[in-house]
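# Residue-level structural notes
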Amino acid sequence: MLRERFLAGGLVTAAEYVQAQRIRAQICAETAEVLRGVDVLATPTTPKPATPFALAYDPEFGFPRSNMAPFNITGSPTLALPCGFSSSGLPLSLQLSGRAFEESLVLRVGHAYEQATSWHTRRPPM
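In this convention, every chain numbers its residues from 1, walking through the sequence in written order. For this predicted model, a pLDDT threshold of at least 70 governs which residues receive local features, and a threshold of 80 or more governs which side-chain atom pairs are given and counted, while totals over whole chains, interfaces and linings are taken from all residues. Note that water and hydrogens are dropped before the side-chain values are worked out from all heavy atoms of the structure.

### Quick word on the packing of aromatic side chains
Test applied: In this analysis, rings of Phe, Tyr and Trp, with Trp reduced to its six-membered ring, are considered paired at centre separations within 6.5 Å, and the interplanar angle assigns stacked below 30 degrees, edge-to-face beyond 60, and tilted for intermediate values. Put simply, a charge is over a ring when the Lys NZ or the Arg CZ is close to the ring centre, within 6 Å, and near the line of the ring normal, within 35 degrees.
In this structure the tally under the stated criterion is one aromatic pair. Directly above the aromatic system of Trp119 lies the positively charged group of Arg122, at a separation of 4.5 Å from the ring centroid.

As structure tokens, then:
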């Protein structure tokens, strides 16, 4: 699956790449504007609970969707933390994101969250 993704990258034209960089710059500016008004942004890491292991190891299973793309694109410091379990017992996660070069703030907030909760000590039922 990874090989196919690399090969597909070779099909991107220069014009498409330039347009993608323009869109990336716009996303960076919009994200910076949102983060100007807050210290840290807390969002779900994924739109649904974790994928069961049996499904994740299936070679036909595609990459699961996540909410990490905007922060990967912008390079914003982001930390994922356990925050509970679904009704079926699958792990849930939240992500804390901050302004550029404020990794220490993101880590301090994450540490404070772990001190206030016990989710990081719990394991899903096997």
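### Quick notes on the confidence of the model for the protein chain
Put simply, the rule reads: For every residue, the pLDDT score states the predictor's confidence, bounded by 0 at the bottom and 100 at the top. Elements are defined by DSSP. Helices are runs of H or I of four residues or more, strands are runs of E of two residues or more, and each kind is numbered from the N terminus.
Confidence in the prediction of the protein chain, expressed as mean pLDDT, is 86, and 88% of residues score 70 or more. Across the protein chain, the element-wise mean pLDDT spans from 64 in helix α3 (residues 53-56) up to 97 in helix α5 (residues 103-116).

### Overview of the environment of Pro82
For clarity, the cut-off: The cut-offs for exposure are 20% and 50% of the maximum accessible area for each residue type, with area from a 1.4 Å probe on protein chains only; residues under the lower value are buried, those over the upper are exposed, and the others partly exposed.
Tracing the chain through its elements places Pro82 in strand β2 (residues 78-85). Pro82 gets classed as partly exposed once you look at its relative accessible area, which sits at 33%. The sequence separation of Pro82 and Arg122 amounts to 40 residues, and the corresponding C-alpha distance is 9.0 Å.

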